[in-house]
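Spelled out from the first residue to the last, the chains are:
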Amino acid sequence: MIERLPHTLRSDAQDNRERILDAARALFSTVGLDVPMREIARRAGVGPATLYRRFPTKQVLVAEAFADRLRACRTIVDEGCAHPDPWRGLCLVIEKLCELHARDRGFTEAFLATLPGAPDVAGREYTVKAVAGLARRAKAAGRLRPDFVLDDLILVLMANKGIHAGSTATRVIASRRFAGLAIQALEACPRHAPLPPAARLAPGAPDGARP
């Protein structure tokens, strides 16, 4: 019995950690990053001391909670920057970032928020710098409108965050169409390619309803 005790403690500690992260993701997504740490501990079913022992600051907790999303975000940006056509690479980044953020509104909150004294927990600095280089190349190729500024990317993600739907699947469909509209607005000479399918967001309206 004594020999198995350390393993049991390690297992309990890992369970506590996962419960805390699950609770944090859920609350960040629904309440936002301002949710008190004590509320996260309560939702996870652990004491505040256990929470702070694992995650001494909210910044550390945010970084851990969205580690997978951060890796996905970096992969998207790297894929776009590696594309031989900078405009297509930029379009890919906008499309995939919008979808990533539509799937996890908590990550959007972390990406757009500024936590006092926090490191780049949501990868925004990395993303913005990489997109800046991609945008310069797309402008030089004559495909991106010359008055594009990096704040426009943040504006697109802020607007994407405002999409409300009854399910994640519907929100993703709406996000894809929104990204298509945003891309057409950013193109130097829009070719008006067909948009992705519309999502039914208005109550009682048929899919693809026209005014």
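Residues numbered from 1 in each chain as written. Predicted model: local features only at pLDDT ≥ 70, side-chain atom pairs only at ≥ 80, totals over all residues. Heavy atoms only, no water.

**Thoughts on empty space enclosed by the protein**
Remark: the empty space left among the atoms is shown by a probe the size of a water molecule rolled over them. This is how it is decided: Here a cavity denotes a set of grid points, spaced 1 Å apart and computed over the protein atoms alone, in which a 1.4 Å probe fits but from which it cannot get out, and a pocket denotes an open set meeting protein on both sides within 12 Å along at least five of seven lines; residues with an atom within 4 Å of a point are reported as lining. Grid points are joined across faces, edges and corners, and a volume is the space filled by probe spheres set on the points. Secondary structure is summarised from DSSP: a helix means a run of H or I of at least four residues, a strand means a run of E of at least two, and numbering begins at the N terminus for each.
Overall, the coordinates contain one cavity of 30 Å³ or more when judged by the stated rule. Taken as a whole, the largest cavity spans an internal volume of roughly 40 Å³. Taken together, His101, Ala102, Arg105, Thr108, Leu157, Asn160, Lys161, Ile163 and Arg171 make up the lining of the largest cavity. Mapped onto the lining of the largest cavity, the elements with two or more residues apiece are α6 (86–103), α7 (105–112) and α9 (150–161). Here the lining of the largest cavity takes three residues from α9, the largest share from any one element.

**Let's talk about helix α5 (residues 67–82)**
Side chains three or four residues apart in an α-helix point the same way, a direct result of the helix having 3.6 residues per turn. Note the cut-off: Every helix has an expected span of 1.5 Å times one less than the residues it contains. Only protein chains enter the accessibility calculation, which uses a 1.4 Å probe; a residue whose area is less than 20% of its type maximum is buried, one above 50% is exposed, and one in between is partly exposed. Here, the arc refers to the directions that run from the helix axis to the C-beta atoms.
If you check α5, its first and last C-alpha atoms are 23 Å apart, about what 16 residues at 1.5 Å a residue would give, namely 22 Å. Here α5 has its buried residues at Leu70, Cys73, Ile76, Val77 and Gly80. For α5, the arc enclosing every buried residue in end-on projection is 120 degrees, short of the 170-degree limit, so these residues lie on one face. Exposed and facing more than 90 degrees away from the buried side of α5 are Asp68, Arg71 and Ala82.

**Some thoughts on the side chain of Thr127**
Our working rule: The contact definition used throughout considers only heavy atoms, calling two residues in contact when any of these lie within 4.5 Å.
Within the secondary structure layout, Thr127 lies in helix α8 (residues 124–140). Discounting residues that sit within four places of it in the chain, Thr127 has contacts with Cys73, Val77, Leu97, Phe111 and Leu153.

**Topic: the confidence of the model for the chain**
What counts here: A residue's pLDDT is the predictor's confidence in that residue, given on a scale from 0 to 100.
Per-residue pLDDT for the chain averages 85, and the proportion of residues at 70 or more is 85%. Mean pLDDT values for the elements of the chain range from 79 in helix α1 (residues 5–30) up to 96 in helix α2 (residues 37–44). Every residue in residues 1–9 is under pLDDT 50, and counting partners more than four places away or in other chains gives zero contacts. pLDDT under 50 marks residues 204–211. Its contacts with residues more than four places away, or in other chains, come to four contacts.

**A short note on the packing of aromatic side chains**
Where we set the bar: Within 6.5 Å between ring centres, the rings of Phe, Tyr and Trp (the latter by its six-membered ring) count as paired, and their orientation is classed by plane angle as stacked under 30 degrees, edge-to-face over 60, tilted in between.
In this structure the tally under the stated criterion is three aromatic pairs. Judged by centre distance (6.3 Å) and plane angle (55 degrees), the rings of Phe107 and Phe111 are tilted. Separated by four residues within a single helix, Phe107 and Phe111 lie in helix α7, roughly one turn from each other. Pair check on accessibility: Phe107 and Phe111 agree, each one buried.

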